[in-house]
Amino acid sequence: MSPPCHTSALLLVFVALAVVGAEQSEERSCDVVGDESSESQMERALLKKLEPLSHMRFNVTVDKGKTEDYIYQFRVCREVNSTSHDFGGLVQTDRQSGKTTVIGRINETQVFNGSDWIMLIYKGGDSYGRHCSGEKRRAVIMISCKRGVTASSFSIISEEREKEQECFYLFEMDSSVACPAENSHLSVGSILLITFVSLVAVYIIGGFLYQRLVVGAKGMEQIPHFAFWQDLGNLVADGCDFVCRSKPRNAPAAYRGVGDDQLGEESEERDDHLLPM
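Please read all numbers here as calculations on a predicted model, not as lab measurements.

Caption draft 1: Quick peek at the UniProt feature "transmembrane region" (unreviewed entry) in the protein chain. UniProt's feature table lists "transmembrane region" (unreviewed entry) at residues 186-210, given in the numbering used throughout. Strand forms 0% of residues 186-210 and helix 92%; the C-alpha atoms that close the span are 34 Å apart.

Caption draft 2: Highlighting the sheet that holds strand E2 (residues 68-75). With mixed pairing, the eight strands of this open sheet are ordered in space as E1-E2-E3-E4-E5-E6-E8-E7. The outermost strands of the open sheet, each flanked by one partner alone, are strand E1 (57-64) and strand E7 (152-160). Averaged over all pairs of adjacent strands, the angle between their axes in this sheet comes to 25 degrees, without regard to strand direction. Strand direction decides the pairing type here: strand E4 (residues 100-113) and strand E5 (residues 117-124), joined by seven bridges, are antiparallel. Looking across to E5, one finds that Thr 109 is bridged to Tyr 122. Here helix H2 (residues 41-49) sits on the sheet and contacts E4 and E5; the angle it forms with E4, its principal contact strand, is near 120 degrees.

Caption draft 3: Representation of the nonpolar core within the structure. Among the nonpolar cores identified, the biggest contains 34 residues, and Leu 50, Tyr 72, Phe 74, Leu 90, Tyr 122 and Ile 141 are the most heavily contacted of them. When residues of this core are traced back to their parent elements, those giving at least two are H2, E1, E2, E4, E5, strand E6 (139-145) and strand E8 (168-175). For Tyr 72, the contacting residues outside a window of four places in its chain are Phe 58, Asn 59, Val 60, Val 62, Leu 90, Val 91, Gln 92, Ile 103, Phe 154, Ile 156, Tyr 169 and Phe 171.

Reading the values: rules and limits
- Along every chain, residues carry numbers that run from 1 in the direction the sequence is written.
- In keeping with the predicted nature of the model, local features appear solely for residues at pLDDT of at least 70, side-chain atom pairs appear and are counted solely at 80 or more, and the whole-chain, interface and lining totals rest on all residues.
- Processing note: side-chain calculations cover all non-hydrogen atoms of the structure and skip hydrogens and water entirely.
- UniProt positions are given in the numbering used here, feature names are shortened, and annotations may be inferred rather than shown by experiment.
- Numbering goes from the N terminus for both helices and strands, where a helix is a DSSP run of H or I of at least four residues and a strand is a run of E of at least two.
- Paired strands, in this sense, are two strands between which DSSP finds at least two bridges.
- The angle between two axes is taken between their N-to-C directions and runs from 0 to 180 degrees, where each axis is a line fitted to C-alpha atoms and a helix contributes only its stretch in contact.
- Only heavy atoms matter for contacts: two residues are in contact if any of them lie within 4.5 Å across the pair.
- Nine residue types can take part in a nonpolar core, namely buried Ala, Val, Leu, Ile, Met, Phe, Trp, Tyr and Cys, and a core is a set of them joined through side-chain atoms within 4.5 Å.
- The cut-offs for exposure are 20% and 50% of the maximum accessible area for each residue type, with area from a 1.4 Å probe on protein chains only; residues under the lower value are buried, those over the upper are exposed, and the others partly exposed.

Here it is in structure tokens:
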């Protein structure tokens, strides 16, 4: 083989290895049951809503003595073990024997939601064998709304395997991704209050700057329309005094002070007869 051909062959090998490595490093995501054309916009939107949980791993242990001693591993729309390429999104491992069973696969996903929850279903798991007529296992994960928590409280609720068909494993967890969007609109009263406060602030600040910088006022005179507000305050005080006064306005005073009427001229009537002649 000539040197140019040898170089070209090496380049092709390197390119092929790079492509294979890129495909292996890219993790698979959920594939909704059915043709791609039949996926609804709601399902796509829900899968996108669950995307923040895709980088997290969840584990729960079930220990019932010698009968059941399992570890359940779960990932949202990702394979638990990407090197095995089995599409396993929820996997059960027997702690005694080390046997691994795929409960549900991400390439057979169903997803729907309610007002404050999202239901994620992985179908196509390993066969039950002697239970449930030998059908494939299915994992049902109920994700409930809990604000302020990305994800927590992953646990297994039950395993329904006494039926002839439609058996399933039921899990639950809490996450804020299942919460509805909060309505941030303001009420009419809030809008009016904000508008009023803003106008008052503009009036006070603008009037203060005008009085100080343009008119050259000092002290209390810098308050816009100071005389008006002063008179208004006096009127309000008089009104409060009139309304809130507990005794009649024409009631005599309880004491007599020293007034102008008491400083008048002395009465002409005098006790002259008491003076010595």
